Amino acid sequence: MQMNRLFGWLLLLSCCPFGASSQVFMRAFDPAPAFAMGGASVAYPGLGAGLANEAAPAFQQGWGIWAGSALPYTVEGWSTATLQAYTRIDGNSAAAFDLSHNGTDAYQEQRFRLNYARRLSPRFAFGGSADLYRVAAPEYGSANAASFGLGVLAEPVKNLWLGARIQNPLQIKLGDDILPTTVRIGGAWRSSRALLWLLEAEKDLERPVQVRAGIEYRPIESVVLRAGMRSAPGRMSLGAGFLLKNGLSIHAAAEWHPVLGVTPAAALHFAPPGKQD
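Quick caveat, the model's predicted, so the values are computed rather than measured. Note that residues are indexed from 1 along each chain, following the sequence as it is written. With pLDDT at 70 or above as the cut-off, local features in this predicted model cover only qualifying residues; side-chain atom pairs require 80 or more to be listed or tallied, and sums for whole chains, interfaces and linings still use all residues. Calculated side-chain values reflect all of the structure's heavy atoms, with hydrogen atoms and water omitted.

Undergrad: Would you mind going over the nonpolar core in detail, with residue names and values included?
TA: In terms of nonpolar packing, the biggest core is built from 36 residues, with Tyr-44, Tyr-86, Leu-153, Ala-188 and Leu-198 touching the most fellow members. Segments assigned H or I by DSSP are reported as helices when at least four residues long, segments assigned E as strands when at least two residues long, and all are numbered from the N terminus. With four residues, helix α2 (residues 32–36) is the largest single contributor of residues to this core. Here, residues are in contact when the closest pair of their heavy atoms is within 4.5 Å. Not counting residues within four places of it along the chain, the set of residues in contact with Tyr-86 comprises Leu-47, Gln-60, Gly-62, Trp-63, Gly-64, Ile-65, Trp-66, Ala-95, Ala-96, His-269 and Ala-271. Definition of nonpolar core: a set of buried residues of the types Ala, Val, Leu, Ile, Met, Phe, Trp, Tyr and Cys, connected through side-chain atoms within 4.5 Å. Three exposure classes are used, based on accessible area relative to the maximum for each residue type with a 1.4 Å probe and protein chains only: buried under 20%, partly exposed in between, and exposed over 50%.

Here you go:
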């Protein structure tokens, strides 16, 4: 057991950059639908893949809840969890929150995000979030920091969506480390009622550009099949979702890392019947 925990901790450290201007906070594990599509979800229309863009809730009808988890590289003792909820405020605005946890017994990270989105026209929306970050290590104590993010989502041409977001633009520090500052730009094209293509690029100031691509296919109304990839290093992912008549949907995904192995993920989504994507 102790060796497994030590191995998990070493893997954890291997995923974090070090240097004179080191960063804190590991790569977030997206809800299973986005995870299955390589994380290419910044331009996803609506919230059918979770909250990936601050502007997305403005295009969502009604309210809903996401709950999910992943087992990073199947390492025992390393846990992640995500809880997201969203609701319409009026005809043009919506609110959401996102609570995530990621860590081991030796090191833990939590993020709490409050999100507001407003539709400025039938095909353009803007959103912003206030974020609270916390890290804790039993032997070293804890630290907290606040930051924010901004996002836009538009449908300039029917069935073609463009999305962009920036996280922590002011490079806020958490303790002695800098929270990641990332920019994501992407597009989503619904070539038919059953098929959605996604492509995006993400730039972290401390890392090379990462390219992500995904596809979502619905052979029948109640089944969704997904696949994706991301670069640096190259990773492949697959997943599926099953939409039930009572408004509940069940989603599963797995990503293969060429060095660290497989990460399985699962999520539940509930929205009142008639309000699901």
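Now that the structure is up, let's keep going.
Undergrad: Which residues make up the side chain of Arg-184, and what values do they have?
TA: Structurally, Arg-184 is set in strand β10 (residues 182–192). Given a relative accessible area of 7%, Arg-184 falls into the buried group. We call two N or O atoms a polar contact when they sit within 3.5 Å, provided that within protein one can donate a hydrogen and the other can accept it, with sequence-adjacent residues counted only if both atoms are side-chain atoms. Within the local environment of Arg-184, its side chain forms a polar contact with the backbone oxygen of Gly-39, the two atoms lying 3.0 Å apart. Among the polar contacts listed, one links the side chain of Arg-184 to the side chain of Glu-200, at a separation of 2.8 Å.

Undergrad: Any chance you could break down the pairing of strand β5 (residues 124–137) for me, citing the residues and the numbers?
TA: At least two DSSP bridges between two strands are needed for those strands to be called paired. Sheet analysis places strand β4 (residues 108–121) next to β5, joined by 13 bridges and oriented antiparallel. The partner of Tyr-116 across the bridge, within β5, is Gly-128. In this antiparallel pair of consecutive strands, β4 and β5, the connection spans two residues. Taken together, β5 and the strand that follows it, strand β6 (residues 141–157), pair antiparallel across an intervening segment of three residues.

Undergrad: So what's going on with the pattern of salt bridges? Which residues, and what values?
TA: Here, a salt bridge means any side-chain nitrogen of Lys or Arg that lies within 4 Å of a carboxyl oxygen of Asp or Glu. For the structure shown, the criterion picks out 13 salt bridges. Salt-bridge contacts for Arg-113 lead to Asp-131; the nearest nitrogen and oxygen are separated by 2.7 Å. In this pair, Arg-113 sits in strand β4 while Asp-131 sits in strand β5, placing the two residues 18 residues apart along the sequence. This pair shows no difference in class: Arg-113 is buried, exactly as Asp-131 is. Salt bridges here are not isolated pairs; linked through shared partners, they connect Asp-30, Arg-230, Arg-235 and Glu-255.

Undergrad: Which residues make up unusual backbone geometry, and what values do they have?
TA: Phi angles above zero are rare outside glycine, and Tyr-73 is one such case at about 55°. Tracing the backbone shows Tyr-73 in the loop between β1 (63–70) and β2 (79–88). With a relative accessible area of 7%, Tyr-73 lands in the buried category. If you check the backbone angles, Thr-74 has positive phi at about 55° while not being a glycine. Position of Thr-74 among the secondary structure elements: in the loop between β1 and β2. Owing to a relative accessible area of 49%, Thr-74 belongs among the partly exposed residues under this scheme.

Undergrad: Describe the pairing of β4, listing the residues and the values that go with them.
TA: Here strand β3 (residues 93–103) runs beside β4; their pairing, made up of eleven bridges, is antiparallel. Across the sheet, residue Ser-93 finds its bridge partner in β4, namely Arg-118. In this antiparallel pair of consecutive strands, β3 and β4, the connection spans four residues.

Undergrad: Which residues make up a nonpolar patch on the surface, and what are the values?
TA: Patch membership is restricted to residues that have no salt bridge and whose relative accessible area is over 30%. Joining uses 9 Å for like charges and 5 Å for the nonpolar side chains Val, Leu, Ile, Met, Phe, Trp and Tyr. Working definition of accessibility: Shrake-Rupley area with a 1.4 Å probe, residue cover restricted to the visible protein chains. Nonpolar side chains collect at one region of the surface, where Trp-63, Ile-65, Leu-83, Leu-99, Phe-112, Leu-114, Leu-132 and Phe-270 lie side by side and expose about 670 Å² of accessible area between them. Along the chain, Phe-270 turns up in strand β16 (residues 261–270). Exposure remark for Phe-270: the relative accessible area of 30% places this residue in the partly exposed category.

Undergrad: Please set out the environment of Ala-36 residue by residue, giving values where relevant.
TA: Structurally, the position occupied by Ala-36 is in helix α2. As for Ala-36 and Glu-216, which are separated by 180 residues in sequence, their C-alpha atoms are 9.1 Å apart.

Undergrad: Describe the environment of Glu-216, and please don't skip the residues or the numbers.
TA: The topology assignment puts Glu-216 in strand β12 (residues 210–220). Sequence-distant contacts of Glu-216, that is, excluding residues within four places in its chain, are made with Met-37, Tyr-44, Ala-194, Leu-195, Leu-196, Val-224, Leu-225 and Arg-226. Within polar-contact distance, the side chain of Glu-216 engages the side chain of Tyr-44 at 2.9 Å.

Everything listed is a geometric property; what it means functionally is a separate question.
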